[in-house]
Amino acid sequence: MVFSSLIQIMKKNAFLNNINGLNSIRVKCGSKEMLFLCDTGASFSCIFSNALTNLNNVDKTKKIKIIGIPGSTFSRGSANISITINNVNISHEFNVIESFDSIIQGVLGSDF
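Quick summary incoming for the structure in this document. Bear in mind that the values here come from a model prediction, so they are computed numbers and not experimental data. (Residues numbered from 1 in each chain as written. Predicted model: local features only at pLDDT ≥ 70, side-chain atom pairs only at ≥ 80, totals over all residues. Heavy atoms only, no water.)

Overview of the overall build of the protein
- When its secondary structure is counted, the protein shows one helix and nine strands.
- Walking the protein from its N terminus toward its C terminus, one meets helices and strands in the order α-β-β-β-β-β-β-β-β-β.
- A burial count over the protein gives 38% of its 112 residues as buried.
- Counting contacts in the protein only where the partners sit at least 6 residues apart, residues at least 24 apart contribute 48% of the total.
- Working note: accessible area of the protein is about 6800 Å², and carbon and sulfur atoms make up 50% of it. (Helix = DSSP H or I, 4+ residues; strand = E, 2+ residues; numbered from the N terminus. Buried < 20%, exposed > 50% of the residue type's maximum accessible area, 1.4 Å probe, protein only. Contact = heavy atoms within 4.5 Å. Areas by Shrake-Rupley, 256 points an atom, 1.4 Å probe, with all protein chains shown as cover.)

In structure tokens, the structure reads:
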């Protein structure tokens with residue numbers, strides 16, 4: 001499914017929240033409920049390391065350089081993670097990045 005189509009479906013069905021003008025969505029990862037930013041300008045999806053209970057599943061050979069507003073850094077690697085959006089389970093490879101003080105636990109990028 002094309003990411004922009006997913007955004008339209010979520011808006012139509014009121015799954016999408018608006019926080020300070022940014023689209024966000026509640027997802028479940030296991031039994032943990034999280035808030036993810038929906039960012040069509042992000043080239044990949046990521047999850048913050050503090051949102052994961054087990055970092056042993058992170059493939060450290062898949063580290064990438066990340067360039068964003070605060071500058072550039074490297075990811076910790078990637079992990080295939082299953083999330084649930086409105087009772088639909090989706091498995092996706094997320095880049096794991098360092099946590100920062102935010103209400104957001106991850107980003108759904110254009111690769112989602």
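On we go from here.
A word on the layout of surface pockets
- Its boundaries defined by the atoms lining it, the second largest pocket holds a volume of some 210 Å³.
- Every residue along the wall of the second largest pocket is listed here: Cys29, Lys32, Met34, Ala51, Leu52, Thr53, Asn54, Asn57, Ala79, Asn80, Ile81 and Ser82.
- Taken together, the elements giving at least two residues each to the lining of the second largest pocket come down to strand E3 (32-38) and strand E7 (77-85).
- If one sorts the elements of the lining of the second largest pocket by residue count, E7 sits on top with four residues.
- Residue classes in the lining of the second largest pocket are distributed as six nonpolar, five polar and one charged. (1 Å grid on protein atoms, 1.4 Å probe; cavity = no way out; pocket = protein on both sides within 12 Å on 5 of 7 lines; lining within 4 Å. Points joined across faces, edges and corners; volume = space filled by probe spheres on them. Nonpolar A, V, L, I, M, F, W, Y, C, P; charged D, E, K, R; others polar.)

A word on the pairing of E3
- For E3, the buried fraction is high: five of the seven residues fall into the buried class.
- Relative to E3, strand E2 (residues 22-29) runs antiparallel, the two being bridged by six bridges. The residue bridging serine 24 from the neighbouring strand is leucine 37, located in E3.
- Taking the residues that link successive antiparallel strands as the turn, the E2-E3 hairpin has two residues, and the phi of glycine 30 there is positive, at about 70 degrees. (Pairing = 2+ DSSP bridges.)

Comments concerning the nonpolar core
- With 18 residues, the main nonpolar core has Phe36, Ile47, Ile81, Ile83 and Leu108 as its most contacted residues.
- Counting only elements with at least two residues in this core, the list comes to E2, E3, E7 and strand E8 (88-97).
- Here the element with the most residues in this core is E7; it accounts for four residues.
- Of all hydrophobic cores here, the second largest spans 10 residues; its members include Leu35, Cys46, Ile97 and Ile104. (Core = buried A, V, L, I, M, F, W, Y, C linked by side-chain atoms within 4.5 Å.)

Considerations on unusual backbone geometry
- Backbone geometry places asparagine 86, a non-glycine residue, at a positive phi of 50 degrees.
- Mapped onto the fold, asparagine 86 is located in the loop between E7 and E8.
- Its relative accessible area of 44% is what places asparagine 86 among the partly exposed residues.
- A positive phi angle is found at asparagine 87, which is not glycine, with a value near 65 degrees.

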